[in-house]
Amino acid sequence: MVYSIVIALLIAYFLGNLNGAVCMSLLKHDDVRSHGSGNAGLTNYIRNFGRASALLVVAIDMGKAVLACEAGRLIMTPYDMATEGTALGALGVLLGHIFPVLLGFKGGKGILSGVTVALMLDWRLGLLVFGIFLVAYMLTHYVSLGSVLSAGSFGPLYALVHPDAGVVPIAVGFFLSAMIVWMHRENIKRLLKGEERKTTLFGFISRNKK
């Protein structure tokens, strides 16, 4: 079983290295990480490359998370640990996205993939945390605030709704929440100082208005 766990984590991790924003910007003979905030994520991609190919960024980052969770589930199902396998896939793909060895450990902050693994672990909670993001974003136009609130809520909500899920899924839920919030630590500092940049995501128009 140990080998299966390692294989599930490795498959998920290297799937996580497939970063949508980096892949699409490289197709344009550029690197999203050399622009704007330097982050390999959707918001920075949209600000610097526009909306024409943004949906492909979304498809890559969400698709790899689905594949990683499904791979983990299939690998661990013979041990009657399907939920644990999904959680291992979620852990691996987020680690690969945020700390990708194939990209010099310069990845994204894990929001798109994070929402997707939340949907894979419990689609109802996934929709709920996505709703938290939307409400926070629509009220403030701070992508980072919506991201922090939605990511930070998933671990506690999962533990509350699934108290009998087992140690691995609950621990993974809390860890992923904490990791994504930590990745937004600079955004949190700017939010507290009133210096964070607002973005009109759905219109794909950057704004500096505070």
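In what follows, the structure referred to is the one given above.
Residues numbered from 1 in each chain as written. Predicted model: local features only at pLDDT ≥ 70, side-chain atom pairs only at ≥ 80, totals over all residues. Heavy atoms only, no water.

A. Representation of helix α7 (residues 123-140) in the model. Look at α7: 26 Å from first C-alpha to last across 18 residues, which is about the 26 Å you get at 1.5 Å a residue. You can read the cap of α7 off the contacts: a side-chain oxygen lies 2.9 Å from the backbone nitrogen of Arg 124, and it is on Asp 122. A positive backbone phi angle near 65° is found at His 141, which sits one or two residues after α7. (Helix = DSSP H or I, 4+ residues; strand = E, 2+ residues; numbered from the N terminus. Expected span 1.5 Å × (residues − 1). Polar contact = N/O pair within 3.5 Å; in protein donor to acceptor, adjacent residues only side chain to side chain.)

B. Expanded view of the pattern of salt bridges. Throughout the structure, instances matching the rule amount to six salt bridges. Where Lys 189 meets Glu 186, a salt bridge forms, and the shortest distance between an N and an O atom there is 3.5 Å. Taken together, the positions of Lys 189 and Glu 186, both in helix α10 (residues 185-193) and three residues apart, correspond to about one turn of that helix. On the basis of relative accessible area, Lys 189 is assigned to the partly exposed category, the value being 45%. Overall, the relative accessible area of 40% leaves Glu 186 in the partly exposed class. Residue Arg 190 pairs with Glu 196 through a salt bridge whose shortest N-O separation is 2.8 Å. (Salt bridge = Lys/Arg side-chain N within 4 Å of Asp/Glu carboxyl O. Buried < 20%, exposed > 50% of the residue type's maximum accessible area, 1.4 Å probe, protein only.)

C. Molecular detail of the side chain of Ser 150. Relative to the elements of secondary structure, Ser 150 occurs in helix α8 (residues 143-161). In this structure, Ser 150 is in contact with Val 129, Ile 132 and Phe 133, ignoring residues within four places of it in sequence. (Contact = heavy atoms within 4.5 Å.)

D. Fine view of empty space enclosed by the protein. On inspection of all chains with the given rule, the structure shows one cavity of 30 Å³ or more. A volume near 170 Å³ is recorded for the largest cavity. Lining the largest cavity are 17 residues; nearest its centre among them are Gly 114, Val 115, Ala 151, Phe 154 and Ile 180. Elements that contribute at least two residues to the lining of the largest cavity include exactly α6 (111-121), α8 and α9 (167-183). Among the elements that line the lining of the largest cavity, the one with the most residues is α6, at six residues. (1 Å grid on protein atoms, 1.4 Å probe; cavity = no way out; pocket = protein on both sides within 12 Å on 5 of 7 lines; lining within 4 Å. Points joined across faces, edges and corners; volume = space filled by probe spheres on them.)

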